[in-house]
Structures are given as C-alpha cells and as structure tokens.
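# Analysis of the macromolecular model
Chain by chain, the residues:
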Amino acid sequence: MKNFKKLDEGFVCLNCGKKVEPLGYTSRNHCPHCLYSLHVDINPGDRANTCLGLLKPVGIETKKGEYVIIFRCQKCGKETRNKVAIDDDYSQILKVSTNGKL
Ligand SMILES: [Zn+2]
Ligand SMILES: [Zn+2]
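Calculation rules
- Residues numbered from 1 in each chain as written.
- Chains lettered and ligands numbered in written order.
- Predicted model: local features only at pLDDT ≥ 70, side-chain atom pairs only at ≥ 80, totals over all residues.
- Heavy atoms only, no water.
- Donors = N, O, S within 2.8 Å, 3.2 Å for Na, K, Ca; no water.
- Tetrahedral: all angles 85-135°; square planar, octahedral: opposite > 155°, others 65-115°.
- Buried < 20%, exposed > 50% of the residue type's maximum accessible area, 1.4 Å probe, protein only.
- Helix = DSSP H or I, 4+ residues; strand = E, 2+ residues; numbered from the N terminus.
- Phe/Tyr/Trp six-rings, centres within 6.5 Å; stacked < 30°, edge-to-face > 60°.
- Patch = residues over 30% accessible without salt bridge, like charges linked within 9 Å, V, L, I, M, F, W, Y side chains within 5 Å.
- Areas by Shrake-Rupley, 256 points an atom, 1.4 Å probe, with all protein chains shown as cover.
- Salt bridge = Lys/Arg side-chain N within 4 Å of Asp/Glu carboxyl O.
- Polar contact = N/O pair within 3.5 Å; in protein donor to acceptor, adjacent residues only side chain to side chain.
- Contact = heavy atoms within 4.5 Å.

## Examining the coordination of the zinc ion (ligand 1)
Surrounding the zinc ion (ligand 1) are the protein donor atoms Cys 13 (SG), Cys 16 (SG), Cys 31 (SG) and Cys 34 (SG), which sit 2.2 to 2.3 Å from the metal. For the zinc ion (ligand 1), the four donor atoms are set out with angles of 106 to 116° between them, so the coordination reads as tetrahedral. In the primary structure, the donors to the zinc ion (ligand 1) are separated according to the pattern C-x2-C-x14-C-x2-C. For the pair shown, Cys 31 and Cys 34 are each scored as buried.

Right under this line is the structure:
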C-alpha cells in the first residue's frame, strides 16, 4: 500500500515517465506535464479506490473562473473532475480543452 502514500508526496507519472514533485499546498492528484492522473480516489483525496486505472484528461471546464480538468478512466470508464494545480502546463490545458471541442 506504499503507493497510496507516495501520491501525496510526489510520484513518477505512469503516462509520461516524468518525476512529479510534491505540490505543497494541497495533495497533488495529477501530472503537471501531461495532466494524466490515476484512478485512486472515490471521493477527492480519499485514496480509497482499488481501480488504479490511468485517468486521461478529456476536457476542461470552467467553474467560477477556475479551470477544472475532466478525466476519463482508461480502465473502468468513469469520469472524474479535478481542479488544475498552480504549476500545471498551461499549453497542455489548452490542448485538452480544444481536443474536447473539436
Ligand atoms: Zn505525466
Ligand atoms: Zn477506474
């Protein structure tokens, strides 16, 4: 169960292979380089999900002026949402948001 703890502290992205440093102000839940995440939560931050599928960013929506990433799990197909983090790659966010519309 060590992997669960690691996600709060920093991890190696399973999609792009880059090392992701801890965010500091809140627990990081997705890769800032490619925006992929892992399906580890049932409710945000609980790490209670046993799916562990790769969450692919499939769209961006705005909520009260904040960007929210929409993910779709590549294993179980469930959609989840998560706020963007302060150091997310903005060009990736733009890319995902246009992919969703075109
Ligand atoms: Zn990544
Ligand atoms: Zn899943």
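## Some thoughts on unusual backbone geometry
Positioned with a positive phi, Leu 35 is a non-glycine residue whose angle comes to about 70°. According to the relative accessible area criterion, Leu 35 is buried, its value standing at 0%. Positioned with a positive phi, Arg 47 is a non-glycine residue whose angle comes to about 55°. Checked against the element boundaries, Arg 47 lands in the loop between strand E3 (37-38) and strand E4 (54-63).

## What about the packing of aromatic side chains?
Scanning all chains against the criterion turns up one aromatic pair. Residues Tyr 67 and Tyr 90 carry aromatic rings whose centres are separated by 6.2 Å and whose planes lie at 70° to one another, so their mutual orientation is edge-to-face. Highlighted residues: Tyr 67 in strand E5 (residues 66-73) and Tyr 90 in helix H2 (residues 90-101), separated in sequence by 23 residues. What makes Tyr 67 partly exposed here is its relative accessible area of 33%.

## Points about the coordination of the zinc ion (ligand 2)
Bound to the zinc ion (ligand 2) are the protein donor atoms His 39 (ND1), Cys 51 (SG), Cys 73 (SG) and Cys 76 (SG), situated 2.0 to 2.4 Å from the metal. For the zinc ion (ligand 2), the four donor atoms in the first shell make angles of 104 to 119° at the metal, so the coordination geometry reads as tetrahedral. Donor residues for the zinc ion (ligand 2), ordered by position in the chain, follow H-x11-C-x21-C-x2-C. Of this pair, Cys 51 sits in the loop between E3 and E4 while Cys 73 sits in strand E5; the two residues are 22 residues apart in sequence, bridging distant segments of the chain. Classification of Cys 51 as buried rests on a relative accessible area of 12%.

## What about a nonpolar patch on the surface?
On the surface, Tyr 67, Tyr 90 and Leu 94 cluster together into a nonpolar patch covering about 300 Å² of accessible area. With respect to the helices, strands and loops of the structure, Leu 94 is situated in helix H2.

## Digging into the side chain of His 30
Within the element layout of this structure, His 30 appears in the loop between strand E2 (19-20) and E3. On the accessibility criterion, His 30 (2% relative accessible area) is buried. Polar side-chain contacts of His 30 include one of 2.6 Å to the side chain of Asn 29. Side-chain polar atoms of His 30 contact the side chain of Asp 88, separated by 2.7 Å. Those residues within four positions of His 30 in sequence are excluded, and the remaining contacts are Phe 11, Leu 35, Tyr 36, Ser 37, Ile 69, Phe 71, Lys 83, Val 84, Ala 85 and Asp 88.

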